[in-house]
Amino acid sequence: MSTSTTATEKVAYEKLVKATVRVNNSVDESKVYDIEAEAEISNGFVGNINSGKVRKDGSGVATFNSYGNENLSINHNVGDKQEQCNITAAVNTFIVDTKAKIATAQPVSL
């Protein structure tokens with residue numbers, strides 16, 4: 001007598017090791033810029049934040065990538081130097097907030 005087993009009955013999830021989650025600041029009521037990016041999560045911590053986009057009033061004002069804790073690559077699409085400083089500060093705050101959010105509220109679980 002043979003019994004049939006489906007694939008879902010043959011495999012068990014052990015641990016989520018790595019994930020990429022799209023994040024944004026849509027719930028930040030004090031924001032000046034709309035910011036979104038992809039957070040790479042490994043073992044519960046954010047390593048990189050990639051494909052970042054910054055918009056103001058619907059227009060793209062910057063793109064960015066963040067690697068580890070020290071490296072930020074940002075391309076401004078505005079010429080005004082003060083605006084560039086404001087954008088960079090908003091991106092840095094977004095990165096800190098993203099890491100804090102993921103450290104305290106895991107977006108993906110098994």
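Preceding block: the structure.
Residues numbered from 1 in each chain as written. Predicted model: local features only at pLDDT ≥ 70, side-chain atom pairs only at ≥ 80, totals over all residues. Heavy atoms only, no water.

When its secondary structure is counted, the protein shows one helix and five strands. The secondary structure elements of the protein, listed N-terminal to C-terminal, are β-β-β-β-β-α. By the compact-globule yardstick of 13 Å for 110 residues, the protein is too spread out, its C-alpha radius of gyration being 19 Å. A sequence separation of at least 24 residues applies to 34% of the contacts in the protein between residues at least 6 apart. When the accessible surface of the protein is totalled, it reaches about 7,600 Å², and 49% of it is carbon and sulfur. In the protein, which carries 11 positive and 13 negative side-chain charges, the distance between the mean positions of the two groups comes to 4 Å. (Helix = DSSP H or I, 4+ residues; strand = E, 2+ residues; numbered from the N terminus. Rg over C-alpha atoms; globule rule 2.2 N^0.38 Å. Contact = heavy atoms within 4.5 Å. Areas by Shrake-Rupley, 256 points an atom, 1.4 Å probe, with all protein chains shown as cover. Lys, Arg positive; Asp, Glu negative; His and termini not counted. Charge placed at Lys NZ, Arg CZ, Asp CG, Glu CD.)

A word on the pattern of salt bridges. All chains considered together, the criterion is met by five salt bridges. Notably, a salt bridge pairs Arg 22 with Glu 36, separated by 2.6 Å at the nearest N-O pair. With Arg 22 in strand E1 (residues 18-24) and Glu 36 in strand E2 (residues 34-42), this pair connects stretches of sequence that are 14 residues apart. A relative accessible area of 40% places Arg 22 in the partly exposed class. Owing to a relative accessible area of 25%, Glu 36 belongs among the partly exposed residues under this scheme. (Salt bridge = Lys/Arg side-chain N within 4 Å of Asp/Glu carboxyl O. Buried < 20%, exposed > 50% of the residue type's maximum accessible area, 1.4 Å probe, protein only.)

Turning to the packing of aromatic side chains, a few remarks are in order. Summed over the entire model, instances satisfying the criterion amount to one aromatic pair. Here Phe 64 and Phe 94 contribute two aromatic rings whose centre-to-centre distance is 6.3 Å and whose plane-to-plane angle is 80°, an arrangement assigned as edge-to-face. With Phe 64 in strand E4 (residues 59-67) and Phe 94 in helix H1 (residues 81-104), the pair connects residues that are 30 residues apart, well separated along the chain. Summarising the burial analysis for this pair, Phe 64 and Phe 94 share the class buried. (Phe/Tyr/Trp six-rings, centres within 6.5 Å; stacked < 30°, edge-to-face > 60°.)

The next subject is the side chain of Asn 25. Here Asn 25 lies in the loop between E1 and E2. Taking the relative accessible area as the measure of exposure, Asn 25 reaches 11% and is therefore buried. Reaching out from Asn 25, the side chain makes a polar contact with the backbone nitrogen of Ile 35 at a distance of 2.8 Å. Setting aside chain neighbours within four positions, we find Asn 25 in contact with Lys 31, Tyr 33, Asp 34, Ile 35 and Phe 94. (Polar contact = N/O pair within 3.5 Å; in protein donor to acceptor, adjacent residues only side chain to side chain.)

For a regular strand, side chains alternate in direction, first toward one face of the sheet and then toward the other. Examined bridge by bridge, E4 and strand E5 (residues 71-76) share six bridges and lie antiparallel to one another. The partner of Thr 63 across the bridge, within E5, is Asn 75. The turn joining E4 and E5, which pair antiparallel and follow one another in sequence, is formed by three residues; a positive phi near 65° is taken by Gly 68. (Pairing = 2+ DSSP bridges.)

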